[in-house]
Structure formats: C-alpha cells, structure tokens
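Spelled out, the chains give:
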Amino acid sequence: MNEIRIPLPTVLLLLAVAGGGGFAAGYALPTVSASPAAAPNAAVEPNPQAENEQEQEPLPPGHPPVDDQTPQHVRAMRNAGDVPPSEEEASLEWKAPARWQLVPNTNTMRLATYRVPHALGDASDAELSITRAGGSIEANAERWIRQFDEAGQSTAKRTTRAVGLAEVAIVEVRGTYSGGMGKEGSPQPGWALIGAIVSTSGTPYFFKLTGPEKSVRAARSEFDAFIGSLVQHRDRGT
C-alpha cells in the first residue's frame, strides 16, 4: 500500500470545511462547561435565608435575649423568681451625696452599698444599703424595728412622705442593733437606723441607713435629700 501524505495546511483546511458543514447541517460541536472564577471585586448577592438561619441560632442556656435591655439586677431577680414579669418595668434612679462612697456589695441581694463617713467621736462609718424584694411595707418595717432591742422597738417612729408619684414609708429606730448581714448577730449598742421603703408599680425598694447613732443623725439631711432625688422610670426605656 502506498503511503499518502497530506500537508498540514490541507488537513486544517479540511477540518474547517467539515466543521462549517456540520454547523450548516444543524449540528454543533461539543462544548465543555466550566465555572468561571468570580471577579476580584464582584458583589456578593445577599442570602436572606442564610441570614435568618444565623439570627435564629440558639443562644447558650440562661443567656438573656440579645435585644433585652433590662438592667442586670432586674434580670438576676427575674431568674431567681423574685420579680414577676408584670413588675419588671418599674425602676428607680437616685443621686447620692458627694461624700458618700460607693463600695462593693457584701451580698448579691444588694443593688448598691454606700459608705457614709462617721461623725466626730464615732469609731466606725455608717452604711446605706439598697435592696429590692417582695413583702408588704408593714412586714418589712416591722422586721427592721425588730432588729433592735426592746427599748429601741418601743421608741421606733414611722412616718410617710411622697416623692413624685411614689409613696415612701420612713422608719427610724435607735438602740442596740442586732440585725443586718455581715454583723453575724453581734449586738451593736448605741446604733441607729433610718430606712425608707419606696412603693413602685413593681417590687418595693429598700434604702437602709445604719451605723453609730451620732453618724446616722449627722447624715439625716443627706438621707432626706437622697430620697428626694429618687426618679422612677421604666427599665426598658419606654
């Protein structure tokens, strides 16, 4: 058999003609599909479904909602079951005297603690504690009075005053004091207490000033101004 050699230009020409004939007859050459790489600055289309899935990702157990603006102390009491949901709205703000020093709370029940400098002649400072808890005004006032000896109980005074729209019950006692956390029940003779129980649309607030009688008396005008500065607002800012 004789070997036939066809020049390369001729081969290319024949292929071109055959391909053109195929297109003319309605046939197409096979193509290979590929996913082009995204342009460096190509915009990424948002995926609403993916965003919703991210937003609905469950939070760790006990974690408050991310949009919950409720103050920490109210959330803590709510988790402990002390504040019913309907009572979470009421909250108070106050302005403390300049010489009162805000100090760490001695227990988790307190919202704030202030050290009140002692008067000349007293060996220790007085203290103002702020708490929020349930119970009637009468029961809590009686509890404060019973933290003193019988002589102190017999001379205890109760009055009321209005601060804005809130009614405030004032309790005054002096004598030997045996109450209060951190005292371990050790009697403190010559002490005094001035307390204010503030009624709000939610759980009452308790402002309790205790210490050596002279120091408590010296701080009485400051205490009155402190209570007078109370402003009620809503925890969620509404």
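Our structure's up above, just so we're on the same page.
All values derive from a computational prediction rather than experimental measurement. (Residues numbered from 1 in each chain as written. Predicted model: local features only at pLDDT ≥ 70, side-chain atom pairs only at ≥ 80, totals over all residues. Heavy atoms only, no water.)

> What is the right way to read helix α7 (residues 220-228) from this model?
Structural remark: α-helix, 3.6 residues per turn; residues separated by three or four positions point the same way. For α7, the full list of buried residues reads Glu222, Phe223, Phe226 and Ile227. One side of α7 carries all its buried residues, which in axial view fall inside an arc of 135°. Along α7, exposed side chains directed more than 90 degrees from the buried face belong to Ser221 and Ala225. The elements touched by buried residues of α7 are β4 (126-132), β5 (157-163), β6 (166-177), β7 (188-198) and β8 (205-212). (Buried < 20%, exposed > 50% of the residue type's maximum accessible area, 1.4 Å probe, protein only. Helix = DSSP H or I, 4+ residues; strand = E, 2+ residues; numbered from the N terminus. Arc of directions from axis to C-beta. Contact = heavy atoms within 4.5 Å.)

> I keep staring at the pattern of salt bridges and nothing clicks. Help me out?
Pairing between side chains of opposite charge can happen when their charged atoms approach one another. What the rule picks out here adds up to 10 salt bridges. One salt bridge in this structure joins Glu213 and Arg174, with 3.3 Å as the shortest N-O distance. Of this pair, Glu213 sits in helix α6 (residues 213-218) while Arg174 sits in strand β6, placing them 39 residues apart in sequence. Across the pair Asp224 and Arg220 runs a salt bridge, and its minimum N-O distance is 3.1 Å. Here Asp224 pairs with Arg220, and both are found in helix α7, just 4 residues apart, close to one helical turn. Judged by its relative accessible area of 24%, Arg220 is partly exposed. Beyond isolated ion pairs, a larger network of salt bridges with shared partners links Glu138, Glu142, Arg146 and Arg158. (Salt bridge = Lys/Arg side-chain N within 4 Å of Asp/Glu carboxyl O.)

> Honestly, the environment of Ile130 in this entry has me stumped. Any pointers?
Topologically, Ile130 is positioned in strand β4. A relative accessible area of 0% places Ile130 in the buried class. Along the backbone, Ile130 and Ala196 are 66 residues apart, and their C-alpha atoms lie at a distance of 9.7 Å. In this structure, Ile130 is in contact with Trp94, Arg110, Leu111, Ala112, Tyr114, Phe206, Phe207 and Phe226, ignoring residues within four places of it in sequence.

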